[in-house]
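Structural overview for review
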Number of protein chains: 2
Amino acid sequence: MILDGIGLANKIKNEVREEVKTLKSKGITPALRCLVSSNDKSTRVYLNSIKRNCDKLGIDYAEVETNSKNIMEDLKSLNEDDKVHGVMLMHPVPTGVDEISLLDMLNPQKDVEGRTPKNLGKILLDIPLLVPCTAQAVVELLEYYNIPLKGADVTIVGRSTTVGKPLSLLLMSRNATITVCHSKTRNLIEKTRHADVVVVAIGKAKMIDENWIKEGSVVVDVGINVVNGKIVGDVDFDSVSKKASVSKVPGGVGTVTNAILMRNVVRSAKGM
Amino acid sequence: MILDGIGLANKIKNEVREEVKTLKSKGITPALRCLVSSNDKSTRVYLNSIKRNCDKLGIDYAEVETNSKNIMEDLKSLNEDDKVHGVMLMHPVPTGVDEISLLDMLNPQKDVEGRTPKNLGKILLDIPLLVPCTAQAVVELLEYYNIPLKGADVTIVGRSTTVGKPLSLLLMSRNATITVCHSKTRNLIEKTRHADVVVVAIGKAKMIDENWIKEGSVVVDVGINVVNGKIVGDVDFDSVSKKASVSKVPGGVGTVTNAILMRNVVRSAKGM
């Protein structure tokens, strides 16, 4: 089976479109603001794709350009602006600015990427509200395809704050037994080979092939790598798909992630 | 080897005692307040042991008796009182009161048990400040005995908000490969038998015996169960200690936990 993200993403987006309509009929236009201090190419590409999604769904989108001198003040203004429902603090922040302090400042109710300490802590307390979109996308993609999680052995490769760590907590809550692996893990292959579900989020193109995977298991590929101008995942799709279900890249987790970001903006606008 | 908590607990307490002296010389008396709404026997026993520790170390201790009507107002007063550095919201809270809302209200800088969403989220962000004392105690006990954690396979049995979940994050940061098991885990014995370190926090007296454990591994027992008037852990000490290193119960993790609580009060008093 191939885990395609497009069907799920469209389902989420359709719901979002309806909710935007309802909100607008009440005089509320969901609004997202991106606080941008760097203009590198990958940030630009990402911002353009967010803008496109917002435009399609009727969400008001704008960028606020800032710099090391103004970033705190600009964030404060966005926090206080009642017309702004979602705020994305674009990474990287300017040199000399402490990203954690900014995250600590960001109003958790506008934190549509689920990056603030408070929103991350709520995952641990099992009352998730605004959750890192990629971690949430992995869970919803698995659920969309009715992959059993209760009692399943899930191996997560990668321990980032945006994917591995929050995902491990979300899956624990769904009664999976989770193992989190990373660069210091010994015998990594043993951990993936025994798993019913493997989630790969390491940023190494096509690292995982069929030798790493159990027959009949499910592999979720979070990787987005550019190789010879083409986007490929962390999983060697052609190899792994011979013996396991695999998510597509592109058109898999990333697509769902973008839809969930839009849903988070609407949730913030609704006051949850 | 037996992992005894008393040496480490005394080391921490001695440091705390010195810090209390220094703070007092500056006119600051570290103060802990326990917000108590239930008077069941186990709460009483716990409160008495906290009071004893505070008295020995020079920390000002008092209980604030409250009820469902006043608990929010009482918590707010403690939040605002500059002379109070640590606040413990005793569990259980009165019927009809939402514990999570109270935790959300508690000033994170006075949250000496590390229970607020913000402090839990900071563990996920790898900038832990005030951490659940039991989880921290397990880590420090392992480090005190120089148990290698980098690349070690650690199985945690139990996924509570106070132990299993935060501990899994703390150990990931120390480069361990962690597996978190619980009541829905299949083949639990396989997960413990393959581990270099097993941490057991399930609340079932003597559940883990030598059959569950690898020769030469390290077992940390977080359990505190009363059987025939005697305190026993979740691990069958006599059985497991034949082939593995085991922490004592009592006199193991619990003892260190109490010392860390005292240290957290002092840290709060120092403004960290």
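Rules used in this analysis
- Residues numbered from 1 in each chain as written.
- Chains lettered and ligands numbered in written order.
- Predicted model: local features only at pLDDT ≥ 70, side-chain atom pairs only at ≥ 80, totals over all residues.
- Contact = placed C-beta atoms within 7 Å.
- Helix = DSSP H or I, 4+ residues; strand = E, 2+ residues; numbered from the N terminus.
- Nonpolar A, V, L, I, M, F, W, Y, C, P; charged D, E, K, R; others polar.
- Pairing = 2+ DSSP bridges.
- Axes fitted to C-alpha atoms, helices over the stretch in contact; angles between N-to-C directions.
- Least-squares fit on C-alpha atoms with pLDDT ≥ 70 in both.
- pLDDT = per-residue confidence, 0-100.
- Domains from an automatic or database assignment.
- Buried ≥ 20, exposed ≤ 12 C-beta atoms within 10 Å, placed from the backbone.

**Here's the deal with the interface of chain A and chain B**
Chain A puts 29 residues into the contact, and the matching count from chain B is 29 residues. Among the elements that make up the side of chain A that touches chain B, the one with the highest residue count is helix 5 (residues 117-124) of chain A (seven residues). Residue composition of the side of chain A that touches chain B, by class: twelve nonpolar, ten polar and seven charged. Here strand 6 (residues 177-181) of chain A runs beside strand 6 (residues 177-181) of chain B; their pairing, made up of three bridges, is antiparallel. Residue pairing across strands places A:Ile178 opposite B:Val180, the latter belonging to strand 6 of chain B.

**So, the sheet that holds strand 7 (residues 197-200) of chain A**
What the twelve strands build is an open sheet, ordered 1(A)-11(A)-8(A)-7(A)-5(A)-6(A)-6(B)-5(B)-7(B)-8(B)-11(B)-1(B); its pairing is mixed. The strands lining the two open edges of the sheet, one partner per strand, are strand 1 (2-3) of chain A together with strand 1 (2-3) of chain B. As defined by bridge partners, strand 1 of chain A adjoins strand 11 (residues 245-247) of chain A across two bridges and the pair is classed as parallel. If you follow A:Leu3 over to strand 11 of chain A, its bridge partner there is A:Ser247. Contacts from helix 6 (residues 133-144) of chain B reach strand 1, strand 7 (197-200), strand 8 (218-221) and strand 11 (245-247) of chain B, with the element oriented near 145° to strand 8 of chain B.

**Regarding the relation of the copies chain A and chain B**
Mapping chain A onto chain B leaves a residual RMSD of 0.0 Å; the transformation is a rotation of 180° accompanied by 0.0 Å of translation along its axis. The superposition operator between the copies reduces to a two-fold rotation axis. Mapped onto chain B, 100% of the interface residues of chain A are again interface residues, and the two copies thus contact each other with one and the same surface.

**Digging into the environment of A:Asn264**
Residues and elements named next belong to chain A. Relative to the helices and strands, Asn-264 resides in helix 10 (residues 253-269). Remark: the alpha-carbon pair of Asn-264 and Val-16, spanning 248 residues in sequence, is separated by 9.3 Å. When sequence neighbours within four positions are dropped, the list of residues in contact with Asn-264 reads Gly-86, Val-112, Leu-130 and Cys-133.

**Regarding the confidence of the model for chain A**
Looking at chain A as a whole, the pLDDT averages 97, with 100% of positions reaching at least 70. Confidence metrics for the complex model read pTM 0.97 and ipTM 0.97.

**Here we look at the domain arrangement of chain A**
Partitioning chain A into structural domains gives domain 1 (28-109) and domain 2 (133-254). Averaged C-alpha coordinates put domain 1 of chain A and domain 2 of chain A at centres separated by 29 Å.

**A few points about helix 5 (residues 117-124) of chain B**
Among the eight residues of helix 5 of chain B, eight are classified as buried, and the element is accordingly described as predominantly covered. Turning to helix 5 of chain B, its buried residues are B:Pro117, B:Lys118, B:Asn119, B:Leu120, B:Gly121, B:Lys122, B:Ile123 and B:Leu124. Here the buried face of helix 5 of chain B lies against helix 5 and helix 7 (164-173) of chain A together with helix 4 (99-105) and helix 7 (164-173) of chain B. Phi turns positive one or two residues past the end of helix 5 of chain B, at B:Asp126, with a value near 65°.

**Some words on the packing of helix 5 of chain B against helix 7 of chain B**
Between helix 5 of chain B and helix 7 of chain B, the shortest axis-to-axis distance is 9 Å and the interhelical angle comes to 35°. Across the interface between the two elements, B:Leu120, B:Ile123 and B:Leu124 from helix 5 of chain B touch B:Pro166, B:Leu169 and B:Leu170 from helix 7 of chain B.

**Some words on the sheet that holds strand 3 (residues 60-65) of chain A**
Residue and element names in this part refer to chain A. In spatial order, the strands read 3-2-4; together these three strands make up an open sheet with parallel pairing. Of all the strands in the sheet, the pair left with one neighbour each is strand 3 and strand 4 (86-89). Across the sheet, the mean angle from the axis of one strand to that of its neighbour is 20°, orientation sign disregarded. Inspection of the sheet shows strand 2 (residues 31-36) paired to strand 3 by six bridges, in the parallel sense. Each residue of the ladder has a partner; that of Val-36, found in strand 3, is Glu-65.

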